[in-house]
Amino acid sequence: MGVRAVLDPIRHPPDTDEQLLARLRAGERDVFGSLVRRYERELFGYLRRYLGDDDLADDVFQNTFVQVYLKIQQYEPGRPVRPWLYAIATNQAIDALRRRNRRADQRADAVTTSDEDGQNRPLFELLPAPGDGPPESADRTEQRELVRAAVDRLPDLLRQVVILAYFQGLKYRDVADALEIPVGTVKSRLHAALARLTEDWHANQESGTGSQEAIQIPNV
């Protein structure tokens, strides 16, 4: 009875992100699906947090990878892929918000109602200012929701760096690459954001809607 050697198939490690992009750039279209699946959960989570709308996040996620496919020849082989993808996703999210805001403005302009003098005016002109209504109530135990709401109230430039650095866990250099700004600007925006969040947190405490714990964001 002869002896037959059984050779196990050689298992190669999976391609890195950079290798996948290089293969896609070289015309291997079959790797595109692998790239989408690799980033689907992470990037969609970022967009959902950034946009606050699951349906819009799904649309932007799809548009992001359409842009990846269309711009693949602009990718520089060896360039870190993660911040490059986040840069495309962030730009697509900003564009989506602008389009949505334009549509909302158009709808608001189109809807009219009568003021106290009986004159038709755009509805948005008759809405009370945010400070005119009663303060929003929140369960003090839902600290995470309060932090998230405070982040959502930040200006876009500050909110971007907070989401990328603290929610998505990107390093300062990757945040800088994603937003195409210097690392020093990332740090200054994070410091400004933390100051705004702390101020907001103290305001919530005084109004009775915030926890007594200090707001804490981990270092990256």
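Everything numeric here is computed off the predicted structure, so don't read it as measured data.

**Considerations on the packing of helix α1 (residues 17–25) against helix α2 (residues 32–51)**
Move 1: It is at 9 Å that the axes of α1 and α2 come closest, and there the two elements cross at 145 degrees. Remark: the crossing between α1 and α2 carries left-handed chirality. Within the contact between the two elements, α1 uses Asp17, Leu20, Leu21 and Leu24 and α2 uses Phe32, Ser34, Leu35, Arg38 and Tyr39.
Move 2: Its residues assigned to classes, the contact of α1 with α2 shows six nonpolar, one polar and two charged.

**Side note on the side chain of Gln160**
Move 1: Along the chain, Gln160 turns up in helix α7 (residues 156–167).
Move 2: When near neighbours in sequence (up to four residues on either side) are disregarded, Gln160 contacts Tyr50, Thr90, Ile94 and Leu179.

**Digging into the nonpolar core**
Move 1: One finds Tyr46, Leu47, Leu51 and Phe65 to be the most contacted residues of the largest nonpolar core, which totals 53 residues.
Move 2: Apart from residues no more than four positions distant in its own chain, Leu47 is found in contact with Gly52, Ala57, Val60, Phe61, Thr64, Ala89 and Ala93.

**Focus on the packing of α2 against helix α3 (residues 54–70)**
Move 1: One can describe the packing of α2 onto α3 by two numbers: an axis separation of 9 Å at closest approach and a directional angle of 140 degrees. In terms of their interaxial angle, α2 and α3 are classed as oblique. Seen from above, α2 lies across α3 with right-handed handedness. Residue-level contacts link Phe32, Leu35, Val36, Tyr39, Glu40, Leu43, Phe44, Leu47, Arg48 and Leu51 of α2 to Asp54, Leu56, Ala57, Asp58, Val60, Phe61, Thr64, Phe65, Val68 and Tyr69 of α3.
Move 2: Grouping the amino acids of the contact of α2 with α3 by side-chain chemistry returns 15 nonpolar, one polar and four charged.

**A look at the pattern of salt bridges**
Move 1: A full pass over the atoms with the stated rule returns eight salt bridges.
Move 2: A salt bridge links Arg23 to Asp15; the shortest N-O distance between them is 2.4 Å.
Move 3: The residue Arg159 makes a salt bridge to Asp156 at a minimum N-O spacing of 2.9 Å. With a gap of three residues between them, Arg159 and Asp156 both fall in helix α7, about one helical turn apart.
Move 4: On the accessibility criterion, Asp156 (43% relative accessible area) is partly exposed.
Move 5: One network of salt bridges, in which partners are shared, links Asp15, Arg23 and Glu28.

**A word on a nonpolar patch on the surface**
Move 1: Taken together, Val66, Tyr69 and Leu70 make up a surface patch of nonpolar side chains, about 280 Å² in accessible area.
Move 2: Relative to the elements of secondary structure, Tyr69 occurs in helix α3.
Move 3: Residue classification places Tyr69 among the partly exposed residues on the basis of a relative accessible area of 34%.

**Some details on the environment of Ala149**
Move 1: When you line up the elements, Ala149 lands in helix α6 (residues 143–152).
Move 2: On the basis of relative accessible area, Ala149 is assigned to the partly exposed category, the value being 27%.
Move 3: Counting along the chain gives 48 residues from Ala149 to Leu197, while the straight-line C-alpha distance between them is 10.0 Å.

**Side note on unusual backbone geometry**
Move 1: For Glu180, which is not glycine, the phi torsion reads 55 degrees and is therefore positive.
Move 2: If you trace the backbone, Glu180 turns up in the loop between α8 (172–179) and α9 (183–207).

**Points about the confidence of the model for the protein**
Move 1: Per-residue confidence for the protein averages 75 on the pLDDT scale, and 67% of its residues sit at or above 70.
Move 2: When the criterion is pLDDT under 50, residues 1–6 qualifies, and its contacts beyond four places in sequence or with other chains add up to zero contacts.
Move 3: The low-confidence segment residues 120–141, where pLDDT is below 50, has 28 contacts with residues more than four positions distant or belonging to other chains.

What counts, and where the lines are drawn
Residues numbered from 1 in each chain as written. Predicted model: local features only at pLDDT ≥ 70, side-chain atom pairs only at ≥ 80, totals over all residues. Heavy atoms only, no water. Axes fitted to C-alpha atoms, helices over the stretch in contact; angles between N-to-C directions. Helix = DSSP H or I, 4+ residues; strand = E, 2+ residues; numbered from the N terminus. Left-handed = near helix turned anticlockwise from the far one by under 90°. Contact = heavy atoms within 4.5 Å. Nonpolar A, V, L, I, M, F, W, Y, C, P; charged D, E, K, R; others polar. Core = buried A, V, L, I, M, F, W, Y, C linked by side-chain atoms within 4.5 Å. Buried < 20%, exposed > 50% of the residue type's maximum accessible area, 1.4 Å probe, protein only. Parallel < 35°, antiparallel > 145°, perpendicular 65-115°, else oblique. Salt bridge = Lys/Arg side-chain N within 4 Å of Asp/Glu carboxyl O. Patch = residues over 30% accessible without salt bridge, like charges linked within 9 Å, V, L, I, M, F, W, Y side chains within 5 Å. Areas by Shrake-Rupley, 256 points an atom, 1.4 Å probe, with all protein chains shown as cover. pLDDT = per-residue confidence, 0-100.

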